[in-house]
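Descriptive analysis of the structure
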Amino acid sequence: MRLRVTASGWQLPAAQNRPALKRAVREVEPTLAQLRKAGVTATDGQITLKSFTETQDLEAAA
């Protein structure tokens with residue numbers, strides 16, 4: 001069985017609370033930290049997850 005999650009247009013704070021989007025948020029956090037260190041002042045509420053797709057193959061237990 002294949003499970004596919006597609007999301008777009010989620011502001012970062014809302015995405016942080018969605019189980020299906022936690023991986024995307026976790027992967028973008030190091031980049032955000034670097035941008036903030038470089039002087040970018042956007043708040044989490046100003047950041048939008050434009051698009052995200054994740055596919056997982058699920059196997060049935062025998």
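Refer to the preceding data block for the structure.
Notes on the structure in this doc start here. From a predicted model like this one, the values you see are computed outputs, not experimental measurements.

Side note on the nonpolar core
Membership of the largest hydrophobic core is limited to eight residues, which are Ala7, Leu12, Ala15, Leu21, Ala24, Val25, Leu32 and Phe52. Secondary structure elements with two or more residues in this core: α1 (12–16) and α2 (22–37). The dominant element in this core, judged by the number of residues it contributes, is α2, at three residues. Sequence-distant contacts of Ala15, that is, excluding residues within four places in its chain, are made with Trp10, Leu21, Lys22 and Val25.

Re the side chain of Glu54
Locating Glu54 in the fold gives a position in strand β4 (residues 52–57). Among the polar contacts listed, one links the side chain of Glu54 to the side chain of Gln56, at a separation of 3.0 Å. Non-local contacts of Glu54, meaning those with residues more than four positions away in its chain, are made with Leu3, Arg4, Val5, Ala20 and Arg23.

Comments concerning the environment of Pro19
With respect to the element layout, Pro19 can be found in the loop between α1 and α2. For the pair Pro19 and Asp44, spaced 25 residues apart in sequence, the C-alpha to C-alpha distance is 18 Å.

Some details on the environment of Glu54
Accessibility expressed as a relative area gives 14% for Glu54, which makes it buried. Along the chain, Glu54 and Ala20 lie 34 residues apart, while their C-alpha atoms are 8.8 Å from each other.

Points about the pattern of salt bridges
Here the structure, examined in full by the defined rule, presents four salt bridges. Put simply, Glu27 and Arg23 hold a salt bridge, and the shortest N to O gap is 2.9 Å. With Glu27 and Arg23 both in helix α2 and four residues apart, this pair spans about one turn of that helix. The class of Glu27 is partly exposed, set by a relative accessible area of 48%. For Arg23, a relative accessible area of 39% corresponds to the partly exposed category. Note that Asp44 and Arg36 form a salt bridge whose closest N and O atoms lie 2.6 Å from each other. On the accessibility criterion, Asp44 (27% relative accessible area) is partly exposed. The class for Arg36 is partly exposed, based on a relative accessible area of 35%. A single network of salt bridges, built from pairs that share partners, joins Arg23, Glu27 and Glu54.

Reading guide: rules and limits
- Residues numbered from 1 in each chain as written.
- Predicted model: local features only at pLDDT ≥ 70, side-chain atom pairs only at ≥ 80, totals over all residues.
- Heavy atoms only, no water.
- Core = buried A, V, L, I, M, F, W, Y, C linked by side-chain atoms within 4.5 Å.
- Buried < 20%, exposed > 50% of the residue type's maximum accessible area, 1.4 Å probe, protein only.
- Helix = DSSP H or I, 4+ residues; strand = E, 2+ residues; numbered from the N terminus.
- Contact = heavy atoms within 4.5 Å.
- Polar contact = N/O pair within 3.5 Å; in protein donor to acceptor, adjacent residues only side chain to side chain.
- Salt bridge = Lys/Arg side-chain N within 4 Å of Asp/Glu carboxyl O.

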